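So the chains spell out like this:
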Amino acid sequence: MFLVTGATGGLGRRVVRLLREREMPVRAFVQLTSRYGELEQRGAELFIGDLREERDIQKACQGVEYVISAHGTNASTEGGAQAIDYRANIDLIDAAKAAGVKHFVFISVLGVDRGYEDAPVFKAKRAVERYLQASGLNYTILRPSGFASNLLPLAERFQQTGIYLLIGDAKTRTSIVSTDDLARIAVESATNSEAQNQIFAVGGPDILERVDIARIFGRIFNREPVIVNPPLFLLDGVRSALGFVNPDAQRSLGTLRTLLANEFFITQAEVDRLETTFGFKLEPLESFLRRYLSA
Ligand SMILES: NC(=O)c1ccc[n+]([C@@H]2O[C@H](COP(=O)([O-])OP(=O)(O)OC[C@H]3O[C@@H](n4cnc5c(N)ncnc54)[C@H](OP(=O)(O)O)[C@@H]3O)[C@@H](O)[C@H]2O)c1
């Protein structure tokens, strides 16, 4: 039995779909308020709970062999990085160990080891990585770059307006990962002996400048992009103002600022390592977007 947390998220949904396509038994950890109908239809067992509750986590781990931790903070999350990205994962690791889980796959983030002080999600994930490595559980840690699926709503907006909003330096490099490839790597990490107790940087096969994303949208929709490019210090202005009214939001914007201000790409050697270990070719961003947008 696989336990998947964040099963209604961009990645978690794909992990559950893939496991069910392979006819593997899956328990999907979902919140009562989430959109989980599709998971149930695909034959996943639902565990309705809240990752801020340790008892829910302990119950969800009963009878589980493999855990894929794919939850994270999003707009609907209360509690922020400390509760969701840190505490819930520590509780999940403890409960997995107590339940005799064979393998634990943790979705971290690319650049987690660069010591970004201003990014609560990065700090939480680095602490979880260390805890998992010291836990005695078999593990795989995946450190992905940005997900291609996050670009789908932006692409749909671009289709209507032709506008692409690019905050900060347009030449910053990135290697956006196909969310389907990442789901496959997460699933196969659980049983691939070469992924045992390993850390993988995970990205797409190409290093792109952020402006290239606008160009790809332009090619897909046959439309010249209008790039709106405000400087990063405007975000800093918003953050300072927020500090007076909503310090939590101000802190979480630190993670966004870190993502916008830095480069997140994997090297050719890291691409080769993924393709050799998992035995398939990583999908370029344009191909991922065309597959979804032409459907
Ligand atoms: N997106 C990226 O570009 C990116 C890049 C690198 C790493 N990552 C990491 O990859 C993982 C997956 O990201 P994603 O974009 O797929 O996430 P996502 O779409 O934001 O989904 C987050 C998931 O966590 C669940 N969740 C949040 N709080 C919960 C709680 N209290 N109890 C139970 N479930 C809860 C959400 O449930 P609801 O549906 O109920 O809200 C949702 O299923 C995360 O760890 C993220 O940090 C993401």
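Above this text sits the structure in question.
Cut-offs and rules
Residues numbered from 1 in each chain as written. Predicted model: local features only at pLDDT ≥ 70, side-chain atom pairs only at ≥ 80, totals over all residues. Near = placed C-beta within 6 Å. Helix = DSSP H or I, 4+ residues; strand = E, 2+ residues; numbered from the N terminus. Nonpolar A, V, L, I, M, F, W, Y, C, P; charged D, E, K, R; others polar. Buried ≥ 20, exposed ≤ 12 C-beta atoms within 10 Å, placed from the backbone. Right-handed = clockwise from strand over helix to strand, strands pointing away. Pairing = 2+ DSSP bridges.

1. Some points on the site of the ligand
So, step 1. In the vicinity of the ligand there are 26 residues, among which Gly 6, Gly 9, Ser 34, Gly 72 and Asn 74 approach most closely.
So, step 2. For the shell around the ligand, the element with the highest residue contribution is helix 1 (residues 10–21), accounting for three residues.
So, step 3. Considered class by class, the residues forming the shell around the ligand number ten nonpolar, 14 polar and two charged.

2. Some remarks on the pairing of strand 6 (residues 139–144)
So, step 1. Across the six residues that make up strand 6, a large majority, six, are buried.
So, step 2. Burial of the side chains of strand 6 extends over both faces: Tyr 139, Ile 141 and Arg 143 are buried on one face and Thr 140, Leu 142 and Pro 144 on the other.
So, step 3. As for the winding sense of the linkage, the β-α-β connection from strand 5 (residues 103–107) through helix 5 (residues 120–133) to strand 6 is right-handed.
So, step 4. Pairing of strand 6 with strand 9 (residues 198–202), which is carried by five bridges, proceeds in the parallel orientation. Following the sheet pairing, Arg 143 is matched in strand 9 by Ala 201.

3. Things to note about the pairing of strand 4 (residues 66–69)
So, step 1. The alternating pattern of strand 4 places Tyr 66 and Ile 68 and Val 67 and Ser 69 on opposite faces, both of which are buried.
So, step 2. In terms of strand pairing, strand 1 (residues 2–5) meets strand 4 through four bridges, oriented parallel. When the bridges of strand 4 are listed, Phe 2 appears paired with Tyr 66.
So, step 3. The sheet contact formed by strand 4 and strand 5 spans four bridges and is parallel. Directly across from Ile 68, in strand 5, lies its bridge partner Val 105.

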